[in-house]
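Spelled out, the chains give:
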Amino acid sequence: MSNSNYIAQKTAELLLDIGAITLKPNQPFEFTSGIKSPIYIDNRLTISFPKTRRKIVGFYIQKLKSKIGLDQIELLSGTSTAAIPWAAFVSQQLDLPMIYVRGKKKGHGKENQIEGQIKPGQKTVIIEDHISTGGSLLENLSAVRQKKGEVDYALAITTFLFKEATRKFKENKIKVITLTDYKTIINTAVNKGLINQANKKTVLEWNKNPHSWGF
């Protein structure tokens with residue numbers, strides 16, 4: 001098993017074990033957008049489990065080293081709010097500066113959207129926790145580029161592998177790396193006996209067309 005495959009499988013196991021990922025193919029969740037989903041991912045839960053958190057931080061760092069190179073990283077940019085802890089944990093371990101980006105500018109004070117210091121030309125990597133449609137990642141990207149930061153990569157824990165998000169990332173020339181992904185999570189859930197083979201097929205259909213799934 002390659003190191004990337006090991007990280008993907010192990011990350012999925014860690015998240016499933018603490019309940020950060022919940023699968024309910026027969027009683028789907030309903031998002032505020034109206035989309036019905038057989039899966040709910042809440043990586044924020046992970047910060048309450050120090051051992052799990054430490055392993056995931058280690059995986060973030062391995063990916064930064066192997067996929068980008070630490071000599072190519074001068075700043076980490078966490079997406080508010082869920083990815084701020086991860087950017088903080090990783091930046092502390094690597095002794096790198098960090099910023100975080102709000103979804104919109106503050107309505108008072110200096111009206112900052114970016115908290116922390118960013119310098120023109122600074123090589124920046126966006127830190128995300130989870131990717132669905134990619135909207136928050138792209139807001140982070142836009143804010144950093146407006147300040148003339150140089151950003152080509154983003155790193156997240158999980159992704160739903162939506163085609164819409166993949167298209168947007170390509171259009172905006174950002175390479176997105178994740179620790180694990182939807183298919184790995186589902187296969188791991190089957191191996192752990194959390195869903196059966198019949199449910200696996202149903203659940204895998206969801207991320208192909210989430211807007212019409214369940215209707």
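Just so we're clear, the structure is a prediction, and the values are computed from it rather than from any experiment.

Caption draft 1: Local environment of the sheet that holds strand 8 (residues 123-127). With mixed pairing, the six strands of this open sheet are ordered in space as 7-6-5-8-10-12. Since the sheet does not close on itself, it has two edges, and those belong to strand 7 (114-115) and strand 12 (175-178), each with one partner. Looking at chain direction, strand 5 (residues 75-79) and strand 6 (residues 98-101) are connected through four bridges and run parallel. Residue pairing for strand 6: Leu 76 is matched across the bridge by Met 98.

Caption draft 2: Up close: the side chain of Asn 43. Its place among the elements puts Asn 43 in the loop between strand 4 (39-41) and helix 2 (50-68). Judged by relative accessible area, which is 1%, Asn 43 ranks as buried. Polar side-chain contacts of Asn 43 include one of 3.1 Å to the backbone oxygen of Asp 129. Among residues more than four places away in sequence, those in contact with Asn 43 are Leu 15, Trp 86, Asp 129, His 130, Ile 157 and Thr 158.

Caption draft 3: Region of the structure containing the environment of Thr 166. On the secondary structure map, Thr 166 appears in helix 5 (residues 163-171). Considering only alpha carbons, one finds Thr 166 and Gly 134, 32 residues apart in sequence, at a separation of 8.3 Å.

Caption draft 4: Here's a closer look at the packing of aromatic side chains. Following the criterion strictly, the structure yields 10 aromatic pairs and no others. Measuring from centroid to centroid gives 4.9 Å for Phe 160 and Trp 206, while their planes differ by 90°, and the two rings are edge-to-face. A residue pair is termed long-range when its members are at least 10 positions apart, and Phe 160 in the loop between strand 11 (158-159) and helix 5 and Trp 206 in helix 7 (residues 197-206) qualify at 46 residues. Residue classification places Phe 160 among the buried positions, given a relative accessible area of 3%. For Trp 206, a relative accessible area of 0% corresponds to the buried category. When the ring centre of Phe 29 is taken as origin, the NZ or CZ atom of Lys 24, which lies over that ring, is 4.8 Å away.

Caption draft 5: Representation of unusual backbone geometry. The omega angle of the peptide bond from Ser 80 to Thr 81 is -5°, so this bond is cis rather than trans. Mapped onto the secondary structure, Thr 81 falls in the loop between strand 5 and helix 3 (84-94). Despite not being glycine, Asp 95 has its phi angle at roughly 55°, a positive value. Relative to the helices and strands, Asp 95 resides in the loop between helix 3 and strand 6. Positive phi is not limited to glycine here, since Lys 173 has a value of about 55°.

Caption draft 6: View of the pairing of strand 8. Counting buried residues in strand 8 gives four out of five residues, a clear majority hidden from the surface. By the bridge criterion, four bridges tie strand 5 to strand 8 in an arrangement that is parallel. By the bridge assignment, Gly 78 is partnered in strand 8 with Ile 127. In the sheet, strand 8 pairs with strand 10 (residues 150-156) via five bridges, with the strands oriented parallel. Each residue of the ladder has a partner; that of Ile 126, found in strand 10, is Ala 154.

Caption draft 7: Here's a closer look at the pattern of salt bridges. Taken as a whole and assessed by the stated rule, the structure comprises eight salt bridges. We note a salt bridge from Glu 171 to Arg 167, for which the minimum N-O separation is 3.2 Å. Of this pair, Glu 171 and Arg 167 both sit in helix 5, four residues apart, roughly one helical turn. Its relative accessible area of 52% is what places Glu 171 among the exposed residues.

Definitions and limits used
Here the residue index of a chain counts from 1 through its sequence in written order. Local features in this predicted model are restricted to residues of pLDDT 70 or higher, and side-chain atom pairs are both shown and tallied only at a pLDDT of 80 or more, whereas totals for entire chains, interfaces and linings draw on every residue. Hydrogen atoms and water are omitted, and side-chain values are computed over all heavy atoms in the structure. When DSSP finds at least two bridges between two strands, those strands are taken to pair. Only DSSP runs of H or I reaching four residues or more are called helices, and only runs of E reaching two or more are called strands; each is numbered from the N terminus. The cut-offs for exposure are 20% and 50% of the maximum accessible area for each residue type, with area from a 1.4 Å probe on protein chains only; residues under the lower value are buried, those over the upper are exposed, and the others partly exposed. We define a polar contact as two N or O atoms separated by no more than 3.5 Å, with the added condition that, inside protein, one atom must be a possible hydrogen donor and the other a possible acceptor, whereas residues neighbouring each other in sequence contribute only through side-chain atom pairs. Two residues form a contact once any of their heavy atoms are found within 4.5 Å. Between 30 and 60 degrees the pair is tilted, below 30 it is stacked and above 60 it is edge-to-face, where a pair is any two Phe, Tyr or Trp rings, Trp via its six-membered ring, whose centres lie within 6.5 Å. Counting as a charge over the ring demands two things of the Lys NZ or Arg CZ atom: a distance within 6 Å of the ring centre and an angle within 35 degrees of the ring normal. What makes a salt bridge here is a side-chain nitrogen of Lys or Arg within 4 Å of a carboxyl oxygen of Asp or Glu, nothing more.

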